[in-house]
Amino acid sequence: MSSPETEPPAGPDEVLPAVAPQLRALRRRAALTLESAARTAGLSPAHLSRLETGQRQPSLPVLLALARIYGTTVSELLGETVAERDAVVRAADMEPTVAGGWTYWQAGASGRGMQALRVRVPHGSQGDIVRVHPGEEWLYVLQGRLRLRLGDTTHRLGPGDSAHFDSLTPHRIAAQDADGVELLFVHTLLQSPTAALCLGPVTGDMP
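Rules used in this analysis
Residues numbered from 1 in each chain as written. Predicted model: local features only at pLDDT ≥ 70, side-chain atom pairs only at ≥ 80, totals over all residues. Heavy atoms only, no water. Buried < 20%, exposed > 50% of the residue type's maximum accessible area, 1.4 Å probe, protein only. Helix = DSSP H or I, 4+ residues; strand = E, 2+ residues; numbered from the N terminus. Arc of directions from axis to C-beta. Contact = heavy atoms within 4.5 Å. Phe/Tyr/Trp six-rings, centres within 6.5 Å; stacked < 30°, edge-to-face > 60°. Lys NZ or Arg CZ within 6 Å of the ring centre and 35° of its normal.

Chemist: Can you help me understand helix α3 (residues 45-52) in this one?
Modeler: Owing to its 3.6 residues per turn, the α-helix brings residues three or four apart onto one side. Among the residues making up α3, those that are buried are H47, L48, L51 and E52. Taken down its axis, α3 places every buried residue within 140° of arc, on the same side. Contacts made by the buried residues of α3 are with α1 (19-29), α2 (34-41) and α4 (60-70). Where α3 ends, the next residue or the one after it, G54, has phi of about 80°, a positive value.

Chemist: Is there a simple way to think about the packing of aromatic side chains in this case?
Modeler: What describes a pair of aromatic rings is the distance from one ring centre to the other and the angle between the planes of the rings. The tally for this structure, following the rule as stated, stands at two aromatic pairs. Look at W102 and Y104: their rings are 6.1 Å apart centre to centre, the planes differ by 35°, and that puts the pair in the tilted class. Taken as a pair, W102 and Y104 share a single burial class, namely buried. Centroid distance W138 to Y140: 6.2 Å. Interplanar angle 20°. Geometry classified as stacked. Among the residues examined, W138 registers a relative accessible area of 30% and is labelled partly exposed. Above the plane of the ring of W105 lies R118, whose end atom (NZ or CZ) is 4.1 Å from the centre.

Here it is, written out as structure tokens:
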């Protein structure tokens, strides 16, 4: 099987006209530079540039990787019509998902450039895990008190407090009280918000 870097040039009858402009448009919609998208996909910037200009045709593994990074589907990368997403998410449709002790409720449509969640963080859960990943995060405390570690600084947030930060800043989130904390959480990361994003655990307690 050919590696992503050794795919053959697209011949006159092989070019998929919609792919090249879609690749570029979706990368820009995801607010990713050519270099960062290529690095995340395991490609060289030059190779991704050739894909975006139609000089080469992407393999299925590359399409799958780029779709995951851009928060979309292979169908959209290929220029196919994507079903219209609902603008409203009803409370009755928010099914809870438990991962790493946290409980998540999807509060926005899937496949968007941002992901919105309602999150319940129990006391003592994942407080020693450091997260570092591309994107931005915004959170708003609904109930309880939160300890948020950004780099070397610890912030204590109560109901009504919010934070907005670059996700490349090493950060830790923990409930300060035994009853836990409930948050609204919006991020631009186009992958799962659970353990795959974690660089940890680390030793030592959060101050």
